[in-house]
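What follows is the residue order along each chain.
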Amino acid sequence: MKKVDTGTIRFNTQITGEYRLMGLTVPAPFQESLPGQFVMLRIPGRDVPLLGRPFSIYSRYNDHDDTVIEILYCVVGKGTELFSRMTTGEEVNLLGPLGQPFAIDPGLRHVILVAGGIGVAPLSFLAEHYGTACAGSDIDITCYFGAKNGDGLIGLDRLERICSDIRTSTDDGSAGYHGLVTDLFDREVASCTDDTMVYACGPHQMMRSLAVLMERHPCRCQVSVEERMACGFGTCLGCTVVTKTPSGETQFARACKEGPVFDIGSIVWE
Amino acid sequence: MRKTHVDIGGLTIRNPVMTASGTFGYGEEYAPYIDLRRLGAVIVKGLSLKPQPGNYPPRIIETPAGMLNAIGLENVGVERFITEKLPPLRDIDIPVIANIFGETVEDYMRVAEILSGAAGVSGLEINISCPNIKRGGIDFGTDPDLAYEVTSAVRKATHLPVIAKLTPNVTDVTVIARSVVDAGADAVSLINTLKGLSVDIATRRPHLRNITGGLSGPAVKPVALRMVWEVARSVSVPVIGLGGIMTAADALEFLIVGATAVQVGTASFIDPAATVNIVDGIDRYLEDHGIDDISDLIGSFHTN
């Protein structure tokens, strides 16, 4: 039987500003975690906050006999504020790994990542996975990474070890291209053919802009969406995403079950 | 042998713990997490004559010790329920209660008739209390005459036990309760969610696309308990209590004030095994207190 598991905090450290990295020792089934999947994390024994919070898995590795997952997060509300105060040895409730992972295609030549802020988390895991699962192949990975400012370009060092090229942008011009990451992508990426796949995760606006750009590129593009969830396993129907069928018919999908990874063209970007 | 089974309008269930409609899908979603046979009954997501897409998102927002939802009764419709969702449940030894709703009395009757002919449905729960749909639902639950009319129509359309699910969004819930019992309801369940609102101060807009939503979770429990206590004293049929039950202790409070059974809702979102944990916790309480028959506990509340 699947169940709510316990994760033990190994570290919970500030990276820059409001960005933090949490490492959790987790039960063995989490070894199966794939890029794009998420976990529901909850502080045990509290009515406030009541619900778990969904977090993308940032990385997964083994340390001796321990299975470890890492969560990259930004303190944005009461839930994440409480997580930020937790320390090594404390326990969290954990449900997962949940949701559909990114599609991995070992036959590709180019992988392009488009990350906005904290959206870098699942993409970094994906890049690492391409590095290991497709080791020996000649896939090159380019990462377009945008943030509000230089402090928001979190985890660059990790990406630099895997990606052949990293192109950054900031809203305030404090690092990289001064402007939106989608504008940078549009200036530099002339045409993606079917030996390329684009993966994106970031704010709604970013992904909506990318959806428009991708209409000109005959290659596949997957995005990971973020929605409020109560359960994370398909029953609350709270995390609805408006999608469309190939024939244009509107349909609702659950971010937790059919997603959080979707083909960018299947989403109705409002 | 301790006796934990209870009777709901002729339907005997092995223990008093049911799932609240709308929080348990069609049962199958929970099969990886719990042995469904451990439950008293499964009440499935509200069913309508035709499939309903539900409301546009955002549909949920967390509030202090609770959550607001405006799902909008998204469901596969009664036909697909029978062909796709019911067969796997039928293979499990568990009473299935179908929650039903409609826009008109005729809708409710038709859904009741169709489900009454389906093997594997043990009871009907009439939803006259959803705050999140534009027509039907709660309109029937806030007016004693309409509540009577729809319950009476469903009563005539089925041989199955009929449970009327009541809304707390009324001045005096006992008036509605008496009305549905007069109309032939075999039991009542309460409370459905409390209508609420949450505002995003950054945008000055509602958090939910539907503007308002239904409040559930620990925040509503004292209100639910008070209403269950009031209704249990004013009707002679079994009362099924729900509203913010997270633990066995919460469930026991409802049983003590007179609920014959309970439903667990929001708790299942947080821990898919919440229902089974509550079954176990009730067992432990009965054992610890030397209670051999759960009916000795039900309604044992005293105020002096």
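1. Observations concerning the overall build of chain A
Looking only at helices and strands, one finds five helices and 16 strands in chain A. Taken over the C-alpha trace, chain A has a radius of gyration of 18 Å; the compact-globule value for 270 residues is 18 Å, and the two agree within 12%. If you line up chain A on its principal axes, its C-alpha atoms span 50 × 40 × 40 Å. Counting the 270 residues in chain A, one finds 46% classified as buried. By sequence separation, contacts in chain A at least 24 residues apart represent 65% of the contacts at least 6 residues apart.

2. A word on the overall build of chain B
Each helix and strand counted, chain B has nine helices and 16 strands in total. C-alpha extents for chain B along the principal axes are approximately 55 × 45 × 40 Å. Burial analysis of chain B (304 residues in total) assigns 60% to the buried set. Once local pairs closer than 6 in sequence are excluded, the contacts in chain B between residues at least 24 apart make up 71%.

3. Quick word on the domain arrangement of chain A
All names here are of chain A. Parsing chain A into structural domains produces domain 1 (5–98), domain 2 (102–224) and domain 3 (227–270). In this assembly, 13 residues from domain 1 lie in contact with 13 residues from domain 2. Of all the secondary structure elements, the ones that give two or more residues to the side of domain 1 that touches domain 2 are β1 (5–16) and β6 (66–74). Each residue belonging to the side of domain 1 that touches domain 2 can be placed in one class, and the counts come to eight nonpolar, five polar and no charged.

4. Let's talk about the pairing of strand β6 (residues 66–69) of chain B
Residue and element names in this part refer to chain B. Burial along β6 is two-sided: G66 and L68 facing one way and M67 and N69 facing the other are all buried. Pairing geometry for strand β5 (residues 60–63) and β6, over four bridges, is antiparallel. Each bridged residue has a counterpart across the sheet, and for T63 the counterpart in β6 is G66. Two strands pair when backbone bridges link them, and β6 and strand β14 (residues 212–216) are joined in this way by three bridges, in the antiparallel orientation. Its bridge partner lying in β14, L68 is registered against L215.

5. Description of the interface of chain A and chain B
In this complex, chain A contributes 23 residues to the contact, which on the side of chain B involves 30 residues. Split by residue class, the side of chain A that touches chain B holds 13 nonpolar, five polar and five charged.

6. Observations regarding the environment of D200 of chain B
Residue and element names in this part refer to chain B. Its location among the elements puts D200 in strand β12 (residues 199–200). As a C-alpha pair, D200 and N99 span 101 residues in sequence and 33 Å in three-dimensional space. Not counting residues within four places of it along the chain, the set of residues in contact with D200 comprises R205 and H207.

Rules of the game
- Residues numbered from 1 in each chain as written.
- Chains lettered and ligands numbered in written order.
- Predicted model: local features only at pLDDT ≥ 70, side-chain atom pairs only at ≥ 80, totals over all residues.
- Helix = DSSP H or I, 4+ residues; strand = E, 2+ residues; numbered from the N terminus.
- Rg over C-alpha atoms; globule rule 2.2 N^0.38 Å.
- Buried ≥ 20, exposed ≤ 12 C-beta atoms within 10 Å, placed from the backbone.
- Contact = placed C-beta atoms within 7 Å.
- Domains from an automatic or database assignment.
- Nonpolar A, V, L, I, M, F, W, Y, C, P; charged D, E, K, R; others polar.
- Pairing = 2+ DSSP bridges.

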